[in-house]
Amino acid sequence: EVQAAALAERGEDITPAQDRGVLKIIKRPGSEDESPMIGDKVYVHYKGKLANGKKFDSSRDRNEPFVFSLGKGQVIKAWDIGVATMKKGEICYLLCKPEYAYGSAGSAPKIPSNATLFFEASNASELAREDLFEDGGIIRRIKRKGEGYSNPNEGATVEIHLEGFCGGTRFDCKDVKFVVGEGEDHDIPIGIDKALEKMQRGEQCILYLGPRYGFGEAGKPKYGIQANAELVYEVTLKSFEKAKESWEMDTKEKLEQAAIVKEKGTMYFKEGKYLQAVIQYGKIVSWLEMEYGLSEKESKASDSFLLAAFLNLAMCYLKLREYTKAVECCDKALGLDQDNEKGLYRRGEARLLMNEFELAKCDFQKVLEVNPQNKAAKSQISVCQKKTKEHNERDRRIYANMFTKFAERDAK
Amino acid sequence: MAVDELQAIIQRCQILEEADFKGEDFNLFQVAGQKCLETGYAAQLLEVIQNEKNKVIVKNMGWNLISPLVRCIFMYKHEDDKREHCLKILDQLAQLCNPKELFLSLLEQIEQTSGEQVCQTVMLLLQPLQTVLLKLQNKKAYSVGLSLAMIMNQLTPLPVPYTKQQIQEDKFGLCQCCNAVVDFAKPFVNEIVKNTEESSEYNDMELKEELLKFCMKSLKYPLLTAQLEQIEGIEEHPFRHFATEIIDILWDIRELIPLVFLHRKSRGPQWENQDFADIERKNSADSLACLSYLMFVQHFGIDCFPVVFSPSYLLQCNMTHIEVLLKRTEESMLSKGLDLFESCLLRMEDDGLLHQYLEFRDFINVPQDLVKIMTLCPIEHLRKKSLNILQLFIDKFDTEGKYTLFRCLLKTSNHAGVEGYIIKNIKDQIHLSLTKACDNTWFTGLHLISLLDLVLLLPEGAETDLLQNSDRIMASLNLLRYLVITDCESDNRTGVWTMLAKIEQNFLKPLHVGLNMSKAHYEAEIKSKKENRREAHSSNTVCSVTVSGEKVPAMTTEMQLQVLHSALFTFDLIESVLARVEELIELKIKGVMDDN
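Residues numbered from 1 in each chain as written. Chains lettered and ligands numbered in written order. Predicted model: local features only at pLDDT ≥ 70, side-chain atom pairs only at ≥ 80, totals over all residues. Heavy atoms only, no water.

(A) Quick peek at the side chain of Glu 184 of chain A. In this structure, Glu 184 of chain A sits in the loop between strand E11 (169–179) and helix H3 (190–196). Non-local contacts of Glu 184 of chain A, meaning those with residues more than four positions away in its chain, are made with Lys 220, Tyr 268, Glu 271, Lys 273 and Gln 276 of chain A. (Helix = DSSP H or I, 4+ residues; strand = E, 2+ residues; numbered from the N terminus. Contact = heavy atoms within 4.5 Å.)

(B) Representation of the side chain of Asn 54 of chain B. Relative to the elements of secondary structure, Asn 54 of chain B occurs in the loop between helix H3 (42–50) and helix H4 (55–61). Each residue touching Asn 54 of chain B, except ones within four places of it in the same chain, is listed here: Ile 10, Gln 14 and Val 48 of chain B.

(C) Representation of the UniProt feature "repeat: TPR" (unreviewed entry) in chain A in the model. Residues and elements named next belong to chain A. Taking the numbering used here, the UniProt-annotated feature "repeat: TPR" (unreviewed entry) corresponds to residues 307–340 and 341–374. Strand forms 0% of residues 307–340 and helix 79%; the C-alpha atoms that close the span are 9 Å apart. Annotation note: span residues 341–374, helix share 79%, strand share 0%, distance between end C-alpha atoms 9 Å. (UniProt positions renumbered as here; feature names shortened; annotations may be inferred.)

(D) Unusual backbone geometry, seen in detail. Residue and element names in this part refer to chain A. Residue Ala 108 is joined to Pro 109 through a cis peptide bond whose omega torsion reads -5°. Examined against the element boundaries, Pro 109 turns out to sit in the loop between strand E6 (91–96) and strand E7 (117–123). The phi dihedral of Arg 321 is positive, around 65°, even though this residue is not glycine. Note that Arg 321 resides in the loop between helix H6 (296–319) and helix H7 (323–336). On the accessibility criterion, Arg 321 (58% relative accessible area) is exposed. (Buried < 20%, exposed > 50% of the residue type's maximum accessible area, 1.4 Å probe, protein only.)

(E) The environment of Cys 215 of chain B, seen in detail. All names here are of chain B. Examined against the element boundaries, Cys 215 turns out to sit in helix H12 (residues 202–223). Looking at Cys 215, the relative accessible area reads 0%, which means it is buried. In this structure, the C-alpha to C-alpha distance between Cys 215 and Thr 244, residues 29 residues apart in sequence, is 11 Å. Beyond its immediate stretch of four places on either side in the chain, Cys 215 contacts Ile 246, Ile 249 and Leu 250.

(F) View of helix H23 (residues 470–486) of chain B. Relative to the 24 Å expected for 17 residues at 1.5 Å per residue, H23 of chain B spans 24 Å between its end C-alpha atoms, a close match to the ideal helical length. Those residues of H23 of chain B that fall on the buried side of the exposure criterion are Ser 470, Arg 472, Ile 473, Met 474, Ala 475, Ser 476, Leu 477, Leu 479, Leu 480, Tyr 482, Leu 483 and Val 484 of chain B. (Expected span 1.5 Å × (residues − 1).)

(G) Structural view of empty space enclosed by the protein. Tallied over the entire structure, the rule returns two cavities of 30 Å³ or more. Within this model, the largest cavity holds a volume of roughly 130 Å³. Forming the boundary of the largest cavity are 14 residues, of which Ser 107 of chain A together with Ile 302, Phe 305, Pro 306 and Val 307 of chain B lie nearest the centre. Partitioning the lining of the largest cavity into residue classes produces 11 nonpolar, one polar and two charged. Quantified by volume, the second largest cavity comes out at close to 70 Å³. Elements with a minimum of two residues in the lining of the second largest cavity: helix H15 (274–296) and helix H16 (311–326) of chain B. (1 Å grid on protein atoms, 1.4 Å probe; cavity = no way out; pocket = protein on both sides within 12 Å on 5 of 7 lines; lining within 4 Å. Points joined across faces, edges and corners; volume = space filled by probe spheres on them. Nonpolar A, V, L, I, M, F, W, Y, C, P; charged D, E, K, R; others polar.)

(H) Spatial organisation of the packing of aromatic side chains. If you walk through the whole model with that rule in mind, you get 30 aromatic pairs over all chains. Centre to centre, the rings of Trp 79 of chain A and Phe 119 of chain A are 5.5 Å apart; their planes meet at 80°, and the pair counts as edge-to-face. Of this pair, Trp 79 of chain A sits in helix H2 (residues 77–84) while Phe 119 of chain A sits in strand E7, placing them 40 residues apart in sequence. This pair shows no difference in class: Trp 79 of chain A is buried, exactly as Phe 119 of chain A is. Aromatic pair Phe 309 of chain B and Tyr 313 of chain B: ring centres 5.6 Å apart, planes at 25°, arrangement stacked. For the pair Phe 309 of chain B and Tyr 313 of chain B, a shared accessibility class is recorded, and that class is buried. Site record: aromatic cluster; members linked through ring pairs are Tyr 46, Phe 56, Phe 66, Phe 68, Trp 79 and Phe 119 of chain A together with Phe 296, Phe 305, Phe 309 and Tyr 313 of chain B. The ring of Phe 240 of chain A carries Arg 201 of chain A above its face, with NZ or CZ at 4.3 Å from the centroid. When the ring centre of Tyr 293 of chain B is taken as origin, the NZ or CZ atom of Lys 336 of chain B, which lies over that ring, is 5.6 Å away. (Phe/Tyr/Trp six-rings, centres within 6.5 Å; stacked < 30°, edge-to-face > 60°. Lys NZ or Arg CZ within 6 Å of the ring centre and 35° of its normal.)

(I) Summary view of the sheet that holds strand E10 (residues 157–166) of chain A. Residues and elements named next belong to chain A. The strand order across the open sheet formed by six strands is E8-E9-E12-E13-E10-E11, and the pairing between neighbours is antiparallel. Where the open sheet ends on each side, the last strands, each with one partner, are strand E8 (130–131) and E11. Two elements, E8 and strand E9 (residues 138–144), share two bridges in a ladder whose sense is antiparallel. Across the sheet, residue Asp 131 finds its bridge partner in E9, namely Ile 139. (Pairing = 2+ DSSP bridges.)

Set out below in structure tokens:
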């Protein structure tokens, strides 16, 4: 077994700064040619010892390999550097100076201050790709790492180079500057907007978009894209400028911007781009919902924006079939204006679609109290009644045999 | 006679087949048995139960005796023989009765107790309960889960002993009881461990889930509320012991590490309905925060934790938990939150935390929570601690991070004392960047000018309440004085000389005006108070103040005058620093003019 002394003597310096902070000796070379990439999920089995030979950690004691995302600062620097050089199946030794490990602070209770660490590690990964939102919707493979850790936030202005492929054919190639969340204005699908928020300056990556994050049901006739097509984009984030955080804006600025984004949201809504519309209206909520110290005039304006935002968000969520969120938005709208006809009606619609017939009926009845002429509400009430009856019938049929079944089971 | 009645029903049932036992027989048995116990014939009852011939009867009818049995055990003194007999009867019943029925009977007994009786009853019945559960075949996991849930439900209303005295007294027996419950759970944990090594069956998933639920509940109660530091004079701290045991259980059922990393893995599509997932997440937030505290502050279970994470990442992961704890108002939870925060920060080197971390929502929320604690929390040592931790947090960030944090806190803290503290920090940073030979762009030049815009002004111009804002104003003046002294106009590294005109307009002039107005106002008040004192003292209290149920007595005129005088003193103080600053400015400008 290789000891720390051997590493110090003939280990390879793998630090970018060449300061001998991390020395490596390969015990057994790996099987594949590719090293893992930034953002990849890597699985590592390892044993760690202090300079005095005392073991402080071992993944084998836990019976499972240690998993982490490479190159993201989740682990000590020595590991981000060291594991990046390990091919799949490789086993190696690493000697890490404290500046690349736990430094002067150490890590209570096991690692003392200024400790040099010794690792034996083996790369047990499948080279996984990164699932950005853990729903299979956007998969990213980074070709070239970006700098720093900063990402564009929603509303940031980005400059990108973009190439889009569908079914192996390229349908789009351009350099474009736009605001994150408004990519639609340049025929860019929402998945790119979402992915940009996780990219770094200078990063070049490949994105695999599922239909929900692509052009969806509408497809993109302009490019000859069918409905629900899977798309592949290669994106380079050349530069970006972040949008202001809510706490950096004063009330006057927020109210001015609110007017602008409300219009944008409405425009997207009319075009059927509901995900983008949600982003715009959502800004109004995040800026104004918790704003304090408003003058009376400002308060009125703010409430008016918030009411419109909540009502419109509810409409969007109805279209997106996220009914719980639709109800939440209606609740908030009604919190500002308890007899709001639209709010009550939309909440009724959402509840109806969630099969909460009684509650839906109540809402529609309230609509009629506010505006007796609302024919749509009237017809919805009869729909509720009809559905309630259907459900009761079904329940009756199911439960009829239930007790007999239980008795049979208990007897066994 | 009770014993005779008992004998009678026994004899009758001995000749019957099991299936022929009638409801009437059950009743008679119960009544007779109860009478025996209550009239002091426990020994005889024990004999009957131990008799081999009566095995079938006891098996079917024994569970009925639990309630009177428990009553009698509590009635008799410890030394009493009869109590011994009763305990033996309890043991026998556990061995002989139908497990399903006895289980329900025991559970019912626990459910019916309350208050002071709860712990006694639970501790008494844990042994028979365990015996019975181990015998169950079907639905064992469900029953174990039900028992643990029921017991914890009964314990939850009890107050958690907090001080050393309370723990030693253990008035309701909670300390003892909790540890008895983990012992009770051990055989089931062992079963899971054994089965996991062999293979995984469906049943084990259920048992594991039930034990997991129990652990999560225990983390919330009593552990989150308990005081978990080592206490001098107490060898075995019952709650520290309990915590260690819970963590051991989690480790044994292989849930410890997954729980600590909950945010990294989505816990599978367990809930179809997103709402349920949200509710579960809210409920488990407290438990998970407590778990992090146990691991990173008290180091319980940290042996199992991988030692390769970067300290910044640990902080990032723990911020959610810290936020959960710091949003509470109970001392036990706040102090845990502060300890957890402190422990994460102490693992990092100064200036090492990248400013990009401030993009995470909780990195902005948590310092604001600290500000709330240090200004509003009624407990002094917590206020002091949160101030220390805020400074620690500031120290860990790189320069851009410090800059952003200062901006954020100046805008959001709404408290003159905190603002003054931040301004002092800004001064220290400027000092560092002027004295060290590093190129620090954040506390010199354009960035600094933008920051100073927030500092060197009066929030409401000349009408600012100078008294309310005195901390902040003094800090700003001191900062300005420092800048004027240290930064030569020729150098102008801080940009203060370029901004001079603006500073005079936004800060110094309105400050003069404000001071004059305030002084005039207060002097007038003092004069009128002195005159009014001679007149009749009419009690025209416009409003009264009640604190903790007691009405605060109205201030005497003497006291009011004292307050007014001390306000004047503050104004004088501000004025004198202001004068000095202006003097220095003039000197420097004159110096430059003379040079030219």
